[in-house]
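Notes for the structure review
Next come the chains, spelled out residue by residue.
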Amino acid sequence: MATTIKRKAASFRLPSYLLEGLKTEARRQHRSVNNLVEVALLKSLYNEPNAETLAAMKECESGVELEDFDPNELDKYIYAEATEEVHTV
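Residues numbered from 1 in each chain as written. Predicted model: local features only at pLDDT ≥ 70, side-chain atom pairs only at ≥ 80, totals over all residues. Heavy atoms only, no water.

With that out of the way, let us pick up the overall build of the protein chain. When helices and strands are counted, the protein chain shows four helices and zero strands. If you list the helices and strands of the protein chain from N to C, you get α-α-α-α. Relative to the compact-globule value of 12 Å for 89 residues, the protein chain shows a C-alpha radius of gyration of 21 Å, a clear excess of over 25%. In terms of principal-axis extent, the alpha carbons of the protein chain reach across some 50 × 40 × 25 Å. Looking at the protein chain as a whole, 3% of its 89 residues qualify as buried. When the accessible area of the protein chain is evaluated, it comes to approximately 9,000 Å², of which 57% is carbon and sulfur surface. (Helix = DSSP H or I, 4+ residues; strand = E, 2+ residues; numbered from the N terminus. Rg over C-alpha atoms; globule rule 2.2 N^0.38 Å. Buried < 20%, exposed > 50% of the residue type's maximum accessible area, 1.4 Å probe, protein only. Areas by Shrake-Rupley, 256 points an atom, 1.4 Å probe, with all protein chains shown as cover.)

By the definition in use, this model includes four salt bridges. The residue arginine 7 makes a salt bridge to glutamate 38 at a minimum N-O spacing of 2.9 Å. Here arginine 7, found in the segment before helix 1 (16-28), pairs with glutamate 38, found in helix 2 (residues 33-46); they are 31 residues apart in sequence, far enough to count as distant. For the salt bridge of glutamate 73 with lysine 76, the shortest nitrogen-to-oxygen distance reads 3.3 Å. Judged by relative accessible area, which is 57%, lysine 76 ranks as exposed. (Salt bridge = Lys/Arg side-chain N within 4 Å of Asp/Glu carboxyl O.)

Our focus in this paragraph is helix 1. Along its 13 residues, helix 1 runs 18 Å from first to last C-alpha, staying within 8% of the 18 Å computed at 1.5 Å per residue. Just downstream of helix 1, histidine 30 is the residue with a positive phi angle, here 55 degrees. (Expected span 1.5 Å × (residues − 1).)

Turning our attention to the layout of surface pockets. Where empty space is left in the structure can be found by rolling a water-sized probe over the atoms. Approximately 610 Å³ is the volume found for the largest pocket. As for the largest pocket, its lining consists of 18 residues, and the residues nearest its centre are Phe12, Asn34, Val37, Glu38 and Leu41. Contributions of two or more residues to the lining of the largest pocket are made by helix 1 and helix 2. The leading source of residues in the lining of the largest pocket is helix 2, at seven residues. Among the residues making up the lining of the largest pocket, the classes are represented as 12 nonpolar, two polar and four charged. (1 Å grid on protein atoms, 1.4 Å probe; cavity = no way out; pocket = protein on both sides within 12 Å on 5 of 7 lines; lining within 4 Å. Points joined across faces, edges and corners; volume = space filled by probe spheres on them. Nonpolar A, V, L, I, M, F, W, Y, C, P; charged D, E, K, R; others polar.)

Without other data, these values stay purely geometric and don't point to any function.
Given below as structure tokens:
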């Protein structure tokens with residue numbers, strides 16, 4: 001059963017270049033400007049990292065225990081991670 005979300009009209013004053021950019025991006029994504037802005041605002045308000053992500057961010061910022069990363073080895077890393085997950089499940 002679908003839930004109806006109550007919406008209220010709001011008016012904002014935006015620089016013309018910003019509004020034109022929003023219109024262009026909305027057309028590119030085949031969306032309305034309203035939907036584009038609504039989704040951006042929702043992501044801004046509710047996109048909070050979880051505890052694991054926060055810990056990883058803190059580790060990166062500290063520089064402690066960082067591994068060397070070779071982008072040329074990315075396929076091997078992804079395969080190793082995928083294989084490890086399969087075997088540990």
